[in-house]
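This is what each chain is made of:
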Amino acid sequence: MEQIYSKLDKILENFKYDLVERYEFFPHKYDIEEKTSEKALLDIQKNGNLDKANTLKHNDNRVILDDSILYSIDLKGMLHTETGVKREYSGFFWYPCDAFCGWHTNNNAEGERIYFAWAPEDNKSFFRYQDPETKEIVTDWDKKGWQYRKFNVSRDKPFWHCVGSKTNRISIGLRVK
């Protein structure tokens, strides 16, 4: 995994400049804590499944990035070599301070997911999910630097999850091809 993190660092060096030059962020006037709360999840669940966070108005204010830079480091190829599993990109996102991706399931594309996340500070951004078995809400705080998370998306056992950030956060998603 260290080789992968090293390659991701190279993207990050160039990427910081790109953020300033190419993207603007307009946070919704909504509270991250409210949008990523258990109450928000229960309100959304009353209406059934929500495949994508951005299909619900004001449930997502992250910045979607151009993933072409990811092809330059062959992240998919390195993961294929390490795991023997072919993957495709499922998202490349920037979460500026006060950005979030509200509760959703991704059930429109079932299978295993891997997300690499980078944050410049400990415990200022998180991945939150509802355990499909126990229904417990779990908050997994990002640490400074790169980390990765793996989970399964299934219609039979929806994996409700959301993300919040009080710092800059980068995430790169991949799903089994």
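Now for a quick tour of the structure. The structure displayed is predicted, hence computed values, not measured ones. (Residues numbered from 1 in each chain as written. Predicted model: local features only at pLDDT ≥ 70, side-chain atom pairs only at ≥ 80, totals over all residues. Heavy atoms only, no water.)

## Brief notes about the sheet that holds strand 9 (residues 169–176)
- Taken in spatial order, the 5 strands of this open sheet run 1-2-9-4-7, and their pairing is antiparallel. The open sheet has two free edges, formed respectively by strand 1 (63–64) and strand 7 (145–153), since each of these has just one partner strand.
- Across 2 bridges, strand 1 lies against strand 2 (residues 87–95) in antiparallel orientation. Of the residues in strand 2, the one forming a bridge with Ile64 is Phe93.
- Where helix 5 (residues 75–83) meets the sheet, its contacts fall on strand 2, strand 4 (111–119) and strand 9, and the angle it forms with strand 2 comes to roughly 125°. (Pairing = 2+ DSSP bridges. Helix = DSSP H or I, 4+ residues; strand = E, 2+ residues; numbered from the N terminus. Contact = heavy atoms within 4.5 Å. Axes fitted to C-alpha atoms, helices over the stretch in contact; angles between N-to-C directions.)

## Let's talk about the packing of aromatic side chains
- Inspection of every chain in the model, using the stated rule, returns 10 aromatic pairs.
- Look at Tyr115 and Phe151: their rings are 6.1 Å apart centre to centre, the planes differ by 0°, and that puts the pair in the stacked class. With Tyr115 in strand 4 and Phe151 in strand 7, the pair connects residues that are 36 residues apart, well separated along the chain. There is no split in this pair, since Tyr115 and Phe151 are both buried.
- Between Phe127 and Tyr129 the ring centres are 5.9 Å apart and the planes differ by 35°, which places this aromatic pair in the tilted class.
- Phe127 gets classed as buried once you look at its relative accessible area, which sits at 7%.
- Following the ring pairs from residue to residue traces out a cluster consisting of Tyr115, Phe127, Tyr129, Phe151 and Phe159.
- Against the face of Tyr95 rests Arg169, its NZ or CZ located 5.3 Å from the ring centre. (Phe/Tyr/Trp six-rings, centres within 6.5 Å; stacked < 30°, edge-to-face > 60°. Buried < 20%, exposed > 50% of the residue type's maximum accessible area, 1.4 Å probe, protein only. Lys NZ or Arg CZ within 6 Å of the ring centre and 35° of its normal.)

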